[in-house]
Amino acid sequence: MLARRVSHIKPAPTLALSTKIDQLKVQGEDVVGFGAGEPDCDTPKLKAACERALWSGKTKYAPSAGLPELRQALARKLWEENSVEYRPSEIVVSSGAKMVLYLVFLTILDEGDEVLLPSPYWVTYPEQIMLCGAKPVVVPLNEDTGFVLTARILEPYISKRTKALVLNSPSNPTGAVIPRNELEEIAQLCVDRRIFIVSDECYEAFVYDGEEFVSPASLSREVWKITFTVNAFSKTYSMTGWRVGYVACPEKYAKMIADLNSQTISNVTTFAQYGALSALTDPRAKEFVKTMRETFSKRRNIAYELLKDIPHVSVVKPKGTFYIFPNLSYYSKKLGSDLVLADYLLEKGKVAGVPGSAFGAEGYLRLSYCVSEETIREGIWRIRTALESLE
Ligand code: PLP
């Protein structure tokens, strides 16, 4: 008999899609994959630092909370880039943002607690919240308001059982960025109602058109006290497979999270942490991130222009991330659901995206533009042709 805890768990649909695309490619199919949630560039400089660490014997256990020099460098990064003050003892390194989020939820959630989850949401949040015995309370966001969360939208969903709010700005899958004034009101509401903020900042590096990224913990000391600032090297430095993420929060929580680390993963792979350290200390890494941001910004413009011209499709121009989230509900209704539509696009059009229902938004399709401009053009042309033949 399986434990009740795992009996409803679903595999991450984004990873399942990548596996399916890989299988089709192995079978010789020419598939355009818009599924990947990872940058398509290499990180040779960081690999060299990791290799040096390996050869100099950094292959043993490391402290559970992370290498002291990495936590120190993270404290500096958080201060210099995000204007938020954390001591190294308030920072814990774990296996990617995904594991960090799970440890944060384990630390703060009890059976029956409610967690506010603005929707569309990243696929993993509800699963992790439920694994902790808590209940995700979906806060629907609207395409007409650019999928931006406001305090006014949030407030009616707060109850006596509300324990935390998940913020993900820039958002996967919509690319929405919460402006500073809205964030201030949301954060104040959380302070007043004693609600933790779990701020997933994985896409902070990918914000376009001069839009400002704001870390909630930087807003005030009161907000700082209730906030878990979660981030990773995965997206910013194209280090998804390295599995290095971190959380910054008041020390009493950091200590608990480090203890959970010590009883589960022990520590993040020691030499990978040295690679991560070089991402923070090697000045060339900043240039690398800047180039990536410029590349994604151009690709976003191309994808947006092409998608908005498809009949019966609406699309919000993303302000951040490397995703775009067109509304294809006119077509998905014809086929019954966005799952069937995504399958149809893959079978008929040889083009893959993740159905919106995986993110709590039936009728949409998430496309990741971590592919070349030429591939974007080809893939969207395939989507358009396949959709038009449904008319
Ligand atoms: N948070 C969001 C919003 C994501 O999109 C992802 C990955 O897709 C993660 C967290 C997980 O990041 P990591 O690979 O560092 O575990």
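Quick caveat: nothing in here was measured; it's all calculated off a predicted structure. (Residues numbered from 1 in each chain as written. Predicted model: local features only at pLDDT ≥ 70, side-chain atom pairs only at ≥ 80, totals over all residues. Heavy atoms only, no water.)

**Q** Please explain helix 14 (residues 338–349) as it appears in this structure.
**A** The α-helix advances 3.6 residues per turn, and as a result positions three or four apart in sequence lie on the same side. All of the buried residues along helix 14 are Asp338, Leu341, Ala342, Tyr344, Leu345, Leu346 and Gly349. Buried-residue contacts for helix 14 involve helix 2 (13–26), helix 13 (329–335), strand 10 (351–352), strand 11 (354–355), strand 12 (365–368) and helix 15 (373–388). Of the residues trailing helix 14, lysine 350 is marked for its positive phi of about 55°. (Buried < 20%, exposed > 50% of the residue type's maximum accessible area, 1.4 Å probe, protein only. Helix = DSSP H or I, 4+ residues; strand = E, 2+ residues; numbered from the N terminus. Contact = heavy atoms within 4.5 Å.)

**Q** Looking at this structure, I do not really get the packing of helix 5 (residues 96–108) against helix 6 (residues 124–131). What am I missing?
**A** Packed helices, taken two at a time, are described by the angle their axes make and the gap between the axes. Relative orientation of the contacting elements helix 5 and helix 6 amounts to 35°, with a least axis distance of 9 Å. As helix 5 runs across helix 6, the sense of the crossing is right-handed. Contacts from Lys98, Leu101, Tyr102 and Phe105 in helix 5 reach Thr124, Tyr125, Gln128, Ile129 and Leu131 in helix 6. Within the contact of helix 5 with helix 6, the residues separate by chemical class into 6 nonpolar, 2 polar and 1 charged. (Axes fitted to C-alpha atoms, helices over the stretch in contact; angles between N-to-C directions. Left-handed = near helix turned anticlockwise from the far one by under 90°. Nonpolar A, V, L, I, M, F, W, Y, C, P; charged D, E, K, R; others polar.)

**Q** How do you make sense of the side chain of aspartate 113 when you look at a structure like this?
**A** Positionally, aspartate 113 belongs in the loop between helix 5 and strand 3 (114–119). In this structure the side chain of aspartate 113 is engaged in a polar contact, spanning 2.7 Å, whose partner is the backbone nitrogen of aspartate 110. Of note is the side chain of aspartate 113, whose polar atom sits 2.9 Å from the side chain of lysine 163. Ignoring any residue separated from it by four or fewer positions in sequence, one finds aspartate 113 in contact with Ile108, Ala134, Lys135, Arg161 and Lys163. (Polar contact = N/O pair within 3.5 Å; in protein donor to acceptor, adjacent residues only side chain to side chain.)

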